[in-house]
Amino acid sequence: MAKKIILNPGEGIFFNSNILHQIKPYKYNCKMISIMFNQSIISGSEHSLIGKKYVDTVINSNNLNFVVLKRDVKWQNEILEYVEKTYSAYNNQYYAYELEIASNLNIIWLKLIKNLKDKIQTPSKKVSLDDERVKTAINYIKSNYTKDISTQQKIPKQIKYNDPEICNLLT
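Residues numbered from 1 in each chain as written. Predicted model: local features only at pLDDT ≥ 70, side-chain atom pairs only at ≥ 80, totals over all residues. Heavy atoms only, no water.

With that settled, the discussion passes to a nonpolar patch on the surface. A grouping of Ile 33, Ile 35 and Tyr 87 is seen on the molecular surface, where their side chains present a nonpolar patch of about 210 Å² in accessible area. Looking at the element boundaries, Ile 35 is found in the loop between β1 (12-15) and α1 (40-43). (Patch = residues over 30% accessible without salt bridge, like charges linked within 9 Å, V, L, I, M, F, W, Y side chains within 5 Å. Areas by Shrake-Rupley, 256 points an atom, 1.4 Å probe, with all protein chains shown as cover. Salt bridge = Lys/Arg side-chain N within 4 Å of Asp/Glu carboxyl O. Helix = DSSP H or I, 4+ residues; strand = E, 2+ residues; numbered from the N terminus.)

Here is the structure:
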């Protein structure tokens, strides 16, 4: 079920990568900073201990869909400040800005998992079959976007879904 969240100026939101989401401006004169990054920035190599222990557990947690980041909560405000520093480093692109961005993302992640460890470690709830199918379809599209793919033919086979309503799932 869709949930609508309206952020106040200066607030932020963290979406888990396993959660389908959409962001739209509430007012047209707003500024949004969106940071999406590969988990290897945090975990290093693909099968590292850090990745398994501190990244995969978050990504695979169905108890951590999103976190609204508020200025009046100390650790959340600190994350928001690091988001701003990351945005600034990316825009200015001074010497070694890439290292600063990677460092900031690690600090953001550390603050996030330390403060949400109880939520991350709680047993997961079941995900709906439609959500799983949509995620599979999106991943298929991402992997094959340069190829000629027909939504009506190839995607339903990938997600084991033959109903012509597949387009409704993706909208």
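Attention now moves to the environment of Tyr 97. Mapped onto the elements of the fold, Tyr 97 is located in helix α4 (residues 97-115). C-alpha of Tyr 97 to C-alpha of Thr 86: the two residues are 11 residues apart in sequence and 8.7 Å apart in space. Sequence-distant contacts of Tyr 97, that is, excluding residues within four places in its chain, are made with Ala 89 and Tyr 90. (Contact = heavy atoms within 4.5 Å.)

With that settled, consider the pairing of strand β2 (residues 66-69). Covered by surrounding structure in β2 are Val 67 and Leu 69 only, the residues Phe 66 and Val 68 on the alternate face being uncovered. In this sheet, β2 lies alongside β1 in antiparallel orientation, the contact comprising four bridges. Bridge assignment links Phe 14 to a residue of β2, and that residue is Val 67. (Buried < 20%, exposed > 50% of the residue type's maximum accessible area, 1.4 Å probe, protein only. Pairing = 2+ DSSP bridges.)

All told, the structure shown has four salt bridges when counted by the stated rule. In this structure, the salt-bridge partner of Glu 11 is Lys 70, at a minimum N-O distance of 3.2 Å. Of this pair, Glu 11 sits in the segment before β1 while Lys 70 sits in the loop between β2 and α3 (74-92), and the two are 59 residues apart along the sequence. The exposure class assigned to Glu 11 is buried, which follows from its relative accessible area of 17%.

So, about α3. Over its 19 residues, α3 runs 27 Å from end to end, which matches the ideal 27 Å to within 8%, given 1.5 Å per residue. Buried within α3 are the following residues: Trp 75, Gln 76, Asn 77, Glu 78, Ile 79, Leu 80, Tyr 82, Val 83, Thr 86 and Ala 89. Looking at the buried residues of α3, the elements they touch are β1, β2 and α4. (Expected span 1.5 Å × (residues − 1).)

The next thing to look at is the side chain of Ser 43. The residue Ser 43 is located in helix α1 in this model. Ser 43 sits in the buried class, given a relative accessible area of 7%.

This part covers the confidence of the model for the chain. With 68% of its residues at a pLDDT of at least 70, the chain reaches an overall mean of 76. Per-residue pLDDT, averaged within each element of the chain, yields its smallest value for helix α8 (residues 166-169) (56) and its largest for α3 (93). (pLDDT = per-residue confidence, 0-100.)

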